[in-house]
Amino acid sequence: MAEIKTIQPGVLAKNQQNKDVHLIDVRTPAEFREVHATTAVNIPLDQLTAEQIQSLVKENGTDPVYLICQSGNRSSRACQKLIDGGFTNVVSIEGGTKAWEAEGLPVVRGKKTISLERQVRIAAGFLVLTGALLGMFVNSWFSGLSAFVGAGLMFAGITDTCGMAMILAKMPWNRR
């Protein structure tokens with residue numbers, strides 16, 4: 001695993017004044033629609049490919065490609081994905097869109113949405129409650145649903161990969 005380069009949002013904003021910068025937001029379309037850096041282009045992490053980025057940066061493959069997400073986690077994974085795809089000059093924005101906005105840098109605001117993380121908590125809570133209630137009142141085997149969701153949450157915490165979030169990200173309300 002290669003060392004991921006990072007940059008502070010304010011430093012990147014100063015760099016943008018002098019030249020054209022390739023800033024890719026790897027959040028879901030719904031998150032991007034809610035708030036994003038003014039110069040960012042949305043390519044969700046699950047759809048990001050090295051070929052896409054190569055066509056975006058055109059003939060000048062030496063220019064850095066900056067990746068931003070909500071807090072910096074997904075952009076680091078996106079950097080690794082592009083490094084694995086042959087890119088050498090990819091940079092993650094430290095603190096993501098939250099830090100960008102906190103520094104007072106220009107953003108575009110759109111329609112307010114429920115964050116993907118919050119959707120996961122709502123869905124997980126609903127499934128656990130449903131499994132517990134069905135287990136108490138219908139058949140004790142329904143308690144397995146609660147156990148399954150609990151195991152999934154543990155797996156998500158350990159691996160930093162959430163299957164439920166991946167499924168919810170593909171739902172129509174989280175698309176353009």
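Look a little higher up for the structure.
All of these numbers come straight from a predicted model, not from anything done at the bench.

Trainee: Hey, could you run me through the pattern of salt bridges in this one?
Mentor: Side chains that carry opposite charge are capable of pairing whenever their charged atoms lie near each other. Counted by the stated rule, this structure contains six salt bridges. One salt bridge connects Asp25 with Arg27, and the closest N-O pair in it is separated by 2.8 Å. Judged by its relative accessible area of 1%, Arg27 is buried. Taking the shortest distance from any N to any O, the salt bridge between Arg74 and Glu31 comes out at 2.8 Å. Taken as a pair, Arg74 in helix H4 (residues 73–84) and Glu31 in helix H2 (residues 29–34) lie far apart in primary sequence, 43 residues in all. Like Arg74, the residue Glu31 is buried in the burial classification.

Trainee: Would you explain a nonpolar patch on the surface in this entry?
Mentor: Together, Leu129, Leu133, Met136, Phe137, Val138 and Phe142 make up an exposed nonpolar region whose accessible area comes to about 660 Å². Note that Met136 resides in helix H6 (residues 116–137). On the accessibility criterion, Met136 (59% relative accessible area) is exposed.

Trainee: When you look at the layout of surface pockets in this model, what are you seeing that I'm missing?
Mentor: Unfilled space is identified by rolling a water-sized probe across the atoms. Taken as a whole, the largest pocket holds about 1200 Å³ of empty space. Lining the largest pocket are 38 residues; nearest its centre among them are Glu31, Arg74, Leu116, Glu117 and Ala165. Those elements giving two or more residues to the lining of the largest pocket turn out to be H2, H4, helix H5 (96–102), H6, helix H7 (143–159) and helix H8 (163–169). Here the lining of the largest pocket is composed, by residue class, of 14 nonpolar, 10 polar and 14 charged. In this model, the second largest pocket occupies a volume close to 280 Å³. As for the second largest pocket, its lining consists of 14 residues, and the residues nearest its centre are Phe148, Val149, Gly152, Gly163 and Met164. Where the lining of the second largest pocket is concerned, the elements lending two or more residues are H6, H7 and H8. Residue contributions to the lining of the second largest pocket peak at six residues, all from H7.

What counts and what doesn't
- Residues numbered from 1 in each chain as written.
- Predicted model: local features only at pLDDT ≥ 70, side-chain atom pairs only at ≥ 80, totals over all residues.
- Heavy atoms only, no water.
- Salt bridge = Lys/Arg side-chain N within 4 Å of Asp/Glu carboxyl O.
- Buried < 20%, exposed > 50% of the residue type's maximum accessible area, 1.4 Å probe, protein only.
- Helix = DSSP H or I, 4+ residues; strand = E, 2+ residues; numbered from the N terminus.
- Patch = residues over 30% accessible without salt bridge, like charges linked within 9 Å, V, L, I, M, F, W, Y side chains within 5 Å.
- Areas by Shrake-Rupley, 256 points an atom, 1.4 Å probe, with all protein chains shown as cover.
- 1 Å grid on protein atoms, 1.4 Å probe; cavity = no way out; pocket = protein on both sides within 12 Å on 5 of 7 lines; lining within 4 Å.
- Points joined across faces, edges and corners; volume = space filled by probe spheres on them.
- Nonpolar A, V, L, I, M, F, W, Y, C, P; charged D, E, K, R; others polar.

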